[in-house]
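Remarks on the overall topology
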Amino acid sequence: MAQLKPYWDTLRRRWLIVVALAVIGAGAGYGFSKLQEPIFRSSAKLYVMPARPDYGNILFIQNVVRQYGQLIVADQFLKGVSEGIKLDLPIEEMRKRVIASGNVENLVILMDVDDPDAGRARAIARRLVEDFKKDQDARMKQVDPANRIDVRVYDDPTPATLHRPQTRTNVIASGFLGLLVGVAIVFLLEALDDTVKTAEEVDRLVGMRVVGTIPA
């Protein structure tokens, strides 16, 4: 602890700098969050149900799940959603709003839809799920029942919640960054300061004991 005392003393003398920069950093994080456009996210799950869930078939099914995760954001589905709920958005813009991936361990397709409007985010998710399931059902009609792979939706897409900005996280991270910058500046100032302020510093620098001090 004695070795850390000089550092604590330095921070105690210049604590206002540390606090000020932490507050400035937190304020900057808050301001940055408020300047961002709010984005809401609705999520959905599609369960892939093979007619033969045996071990010999599982590797094939896992590959199918990966393919379905990519297929759900194919142009045909995104275009159908855009036209179906009258968004009139280009395909590339729709693709930026939809994130889909296949979870091969649980045989689940996970989908997130981001949009500045909470209601529209959920509407896009619901329509995309419905269109994909209808397309899958149509394809499976031509497949032998023993080899069919069904896609089921157990829950409606979740109500959209605010996804970003994460104001609290931004404020905490920016405040902590400001704190670190403040500490660095304090020690930099201390390193540049060559004045002697305490009896301990006299003893450390010149190896002589102080006989007396004059109060300020």
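Since the model is a prediction, treat every value here as computed from it, not as a measurement.

Definitions and limits used
Residues numbered from 1 in each chain as written. Predicted model: local features only at pLDDT ≥ 70, side-chain atom pairs only at ≥ 80, totals over all residues. Heavy atoms only, no water. Helix = DSSP H or I, 4+ residues; strand = E, 2+ residues; numbered from the N terminus. Buried < 20%, exposed > 50% of the residue type's maximum accessible area, 1.4 Å probe, protein only. Polar contact = N/O pair within 3.5 Å; in protein donor to acceptor, adjacent residues only side chain to side chain. Contact = heavy atoms within 4.5 Å. Pairing = 2+ DSSP bridges. Core = buried A, V, L, I, M, F, W, Y, C linked by side-chain atoms within 4.5 Å. Arc of directions from axis to C-beta. Expected span 1.5 Å × (residues − 1). Phe/Tyr/Trp six-rings, centres within 6.5 Å; stacked < 30°, edge-to-face > 60°. Axes fitted to C-alpha atoms, helices over the stretch in contact; angles between N-to-C directions. Parallel < 35°, antiparallel > 145°, perpendicular 65-115°, else oblique. Left-handed = near helix turned anticlockwise from the far one by under 90°. Nonpolar A, V, L, I, M, F, W, Y, C, P; charged D, E, K, R; others polar. Salt bridge = Lys/Arg side-chain N within 4 Å of Asp/Glu carboxyl O.

**Looking at the side chain of R41**
- Its location among the elements puts R41 in strand 1 (residues 39-50).
- We classify R41 as buried; its relative accessible area is 19%.
- Of note is the side chain of R41, whose polar atom sits 2.7 Å from the side chain of D114.
- Ignoring sequence-local partners within four residues, the contact set of R41 consists of I99, D112, V113, D114, P159, A160, T161 and H163.

**Some details on the pairing of strand 1**
- Here strand 1 runs beside strand 5 (residues 161-164); their pairing, made up of 3 bridges, is antiparallel. When the bridges of strand 5 are listed, F40 appears paired with L162.
- Of the pairings in the sheet, the one linking strand 1 to strand 3 (residues 108-115) comprises 8 bridges and is antiparallel in character. Paired with K45 across the two strands is L110, which belongs to strand 3.
- Sheet topology note: the strand 1/strand 4 (residues 149-152) ladder contains 4 bridges and is antiparallel. Across the sheet, P50 pairs through a bridge with I149, a residue of strand 4.

**Here's the deal with the nonpolar core**
- With 28 residues, the main nonpolar core has V48, Y68, V98, M111, L128 and F132 as its most contacted residues.
- Of all the secondary-structure elements, those providing two or more residues to this core are strand 1, helix 3 (55-71), helix 4 (75-84), strand 3, helix 6 (118-140) and strand 4.

**Let's talk about helix 4**
- Along helix 4, the residues classified as buried are F77, L78, V81 and S82. Taken down its axis, helix 4 places every buried residue within 130° of arc, on the same side. Of the exposed residues in helix 4, those oriented more than 90 degrees away from the buried face are Q76 and E83.
- Looking at the residues trailing helix 4, positive phi occurs at K86, about 55°.

**A look at the environment of Y7**
- Position of Y7 relative to the elements: it lies in helix 1 (residues 5-13).
- Sequence spacing of Y7 and V186 is 179 residues, and the spatial spacing of their C-alpha atoms is 10.0 Å.

**Looking at helix 6**
- End to end, helix 6 covers 33 Å across 23 residues, agreeing with the expected 33 Å (1.5 Å per residue, within 8%).
- The complete set of buried residues in helix 6 reads A121, I124, A125, L128, V129, D131, F132, Q136 and M140.
- With a side-chain oxygen positioned 3.1 Å from the backbone nitrogen of G119, the residue opening helix 6 is D117.

**A closer look at the packing of aromatic side chains**
- Summed over all chains, the structure comprises 2 aromatic pairs.
- An aromatic cluster is built from Y68, F77 and F132, whose rings are joined through pairwise contacts.

**Some thoughts on the packing of helix 4 against helix 6**
- Viewed as axis vectors pointing N to C, helix 4 and helix 6 meet at an angle of 130°, and their least axial separation amounts to 9 Å. Taken together, the axes of helix 4 and helix 6 are oblique relative to one another. In terms of crossing hand, the pair formed by helix 4 and helix 6 is right-handed. In this structure, helix 4 uses Q76, F77, L78, G80, V81 and G84 to contact helix 6, whose residues at the interface are I124, R127, L128, D131, F132 and D135.

**Concerning the packing of helix 1 against helix 7 (residues 167-192)**
- Taken N-terminus to C-terminus, the directions of helix 1 and helix 7 make an angle of 105°; their axes are 10 Å apart at the nearest point. Here helix 7 runs roughly perpendicular to helix 1, going by the angle between their axes. Note on element contacts: helix 7 touches helix 1 through V183, V186, F187 and E190, opposite Y7, T10, L11 and R13.
- Residue classes in the contact of helix 1 with helix 7 are distributed as 5 nonpolar, 1 polar and 2 charged.

**Structural notes on the pattern of salt bridges**
- This model, assessed by the stated rule, comprises 13 salt bridges.
- Of the charged contacts, one joins D135 and R139 as a salt bridge, the two residues approaching to 2.0 Å between their closest N and O atoms. In this pair, D135 and R139 are both assigned in helix 6, 4 residues apart and thus about one turn of the helix distant.
- Relative accessible area serves as the criterion here: at 22%, D135 is assigned to the partly exposed category.

Function cannot be inferred from these measures alone, as they are strictly geometric.
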